[in-house]
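Results of the structural survey
In case you want the letters, here they are:
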Amino acid sequence: MSGTPSRAVRIARFGEPADVLEVATVPAPEPGPGEVVLRLRARPVNPSDLSVVRGRYGELPELPATPGLEGMGEVEALGPGVGSAAVGDRVVPLGISPGTWAERMAVPAAALVPVPDAVGDEAAAQLVVNPLTAWILVTEELGVEPGEWLLQSAAGSTLGRMVIQLGRARGFRTLNVVRRPEQRDELLALGADEVLVAGDDLPERVREVTGGGAPKAIDAVAGALGAAMAASLAPGGTLVVYGRLSQRPMPLDAGLQVFLGTAVRGFWLARWFRETPRERVAGTIGDVLGLMADGTIDPPVEARYDLADVREAAAHAERPGRSGKVILTG
């Protein structure tokens, strides 16, 4: 494989995706001891990926770099000492794996998760960021019980739709906040229990629906909407913030925490991977793959672009009102 030309998306500086994303021809990687080379088949374009491109993520690569934090591929070559994988295996790298926006990448064989036949390439490519985050937020971070209300912002996003799917499967009720009224009927058809359009009176409307406020909530937006989500909590309620799509600080009313005993805390998947024992990580991923295999979690896809069209893919990924993920192929 040495010297084989292979395409990779590259950034030489941080900035707007339309200005800095380039596609280069590079030598294919060689697997080192304990490593395999993956021929990647599908890679999603996530908000976190575009935050890296812009230089706004919690951890940034040294430049020049290849973006992309997750993807799915087929084992193409084995390095010395690899006995746990075979050429042709369909796999996902375990954890956050920077550099997936390329045709090939070398990864440790010990970090590979086999993909069940019942899970397609494009669904498997989305495993790590959205399905896993949705599952952890619902089960580990908040422990949402059957019959409980879970309030969420960005409900029309890929992750938001998966939370709705989990609500249907596990019996909890979802109260979903969107920006555009036209999303309401679509999410109700998916199984949402209630859909509210964001506005200044959001806390009042949440209290009307829930009978006193949401006991548990998740937020991907921060800024003013995140503050309204915090103000929508029931006494003793908890809001977990897992994104900051608004790129704005959250102006919290400390009185809510002092007098009502509410809590606001953050969640970052990269930190979860670092701090969680490897056996538990593997078990959680196995659980989520099982839910994807039986159709409980079905990651939607809206569009597909070849690596050569990465700038167009990035622009599409940021269009409002998407109904699924944008996938890079090729």
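Residues numbered from 1 in each chain as written. Predicted model: local features only at pLDDT ≥ 70, side-chain atom pairs only at ≥ 80, totals over all residues. Heavy atoms only, no water.

This brings us to the pairing of strand 5 (residues 90–93). The side-chain alternation of strand 5 yields two buried faces, one formed by Arg90 and Val92 and the other by Val91 and Pro93. Sheet topology places strand 4 (residues 72–78) next to strand 5; 2 bridges connect them, and they run antiparallel. Paired with glutamate 74 across the two strands is arginine 90, which belongs to strand 5. Relative to strand 7 (residues 112–114), strand 5 is paired through 3 bridges, and the arrangement is antiparallel. Looking at the pairing, valine 91 lines up with proline 114 of strand 7. (Buried < 20%, exposed > 50% of the residue type's maximum accessible area, 1.4 Å probe, protein only. Helix = DSSP H or I, 4+ residues; strand = E, 2+ residues; numbered from the N terminus. Pairing = 2+ DSSP bridges.)

This brings us to helix 11 (residues 278–293). When the terminal C-alpha atoms of helix 11 are compared, their 22 Å separation across 16 residues agrees well with the 22 Å that a helix rising 1.5 Å per residue should span. Taken residue by residue, helix 11 has Val281, Thr284, Ile285, Val288, Leu289, Leu291 and Met292 as its buried positions. Around the axis of helix 11, the buried residues are gathered within 155° of arc, so they sit on the same side. Downstream of helix 11 by one or two residues, glycine 295 has phi in the positive range, about 90°. (Expected span 1.5 Å × (residues − 1). Arc of directions from axis to C-beta.)

Let us now look at the packing of helix 5 (residues 158–170) against helix 6 (residues 183–190). Remark: helix 5 packs on helix 6, axes separated minimally by 9 Å, with the N-to-C direction vectors making an angle of 35°. Residues Arg161, Ile164, Gln165 and Arg168 of helix 5 form the contact with helix 6, whose participating residues are Glu186, Leu187 and Leu190. Residue composition of the contact of helix 5 with helix 6, by class: 3 nonpolar, 1 polar and 3 charged. (Axes fitted to C-alpha atoms, helices over the stretch in contact; angles between N-to-C directions. Contact = heavy atoms within 4.5 Å. Nonpolar A, V, L, I, M, F, W, Y, C, P; charged D, E, K, R; others polar.)

Our focus in this paragraph is unusual backbone geometry. Omega for the peptide link from leucine 63 to proline 64 comes to -5°, which places this bond in the cis form. Structurally, proline 64 can be placed in the loop between helix 2 (47–54) and strand 4. Positive phi values are uncommon outside glycine, yet alanine 154 reaches one of about 50°. If you trace the backbone, alanine 154 turns up in the loop between strand 8 (149–152) and helix 5. Residue classification places alanine 154 among the buried positions, given a relative accessible area of 18%.

Burial along strand 8 is two-sided: Trp149 and Leu151 facing one way and Leu150 and Gln152 facing the other are all buried. Note: strand 8 against strand 9 (residues 173–178), 4 bridges, orientation parallel. From the neighbouring strand, leucine 150 faces strand 9, where its bridge partner is threonine 174.

Pairing in this open sheet of 6 strands is parallel, and the strands run 10-9-8-11-12-13 from one edge to the other. At either end of the open sheet lies a strand with only one pairing partner, and these are strand 10 (194–197) and strand 13 (263–266). Sheet twist, expressed as the average angle between the axes of neighbouring strands with direction ignored, equals 20°. Contacts from helix 7 (residues 202–210) reach strand 8, strand 9, strand 10 and strand 11 (214–219) within the one sheet, and its direction differs from that of strand 10 by about 165°.

None of the figures reported here should be taken as evidence of function without further support.
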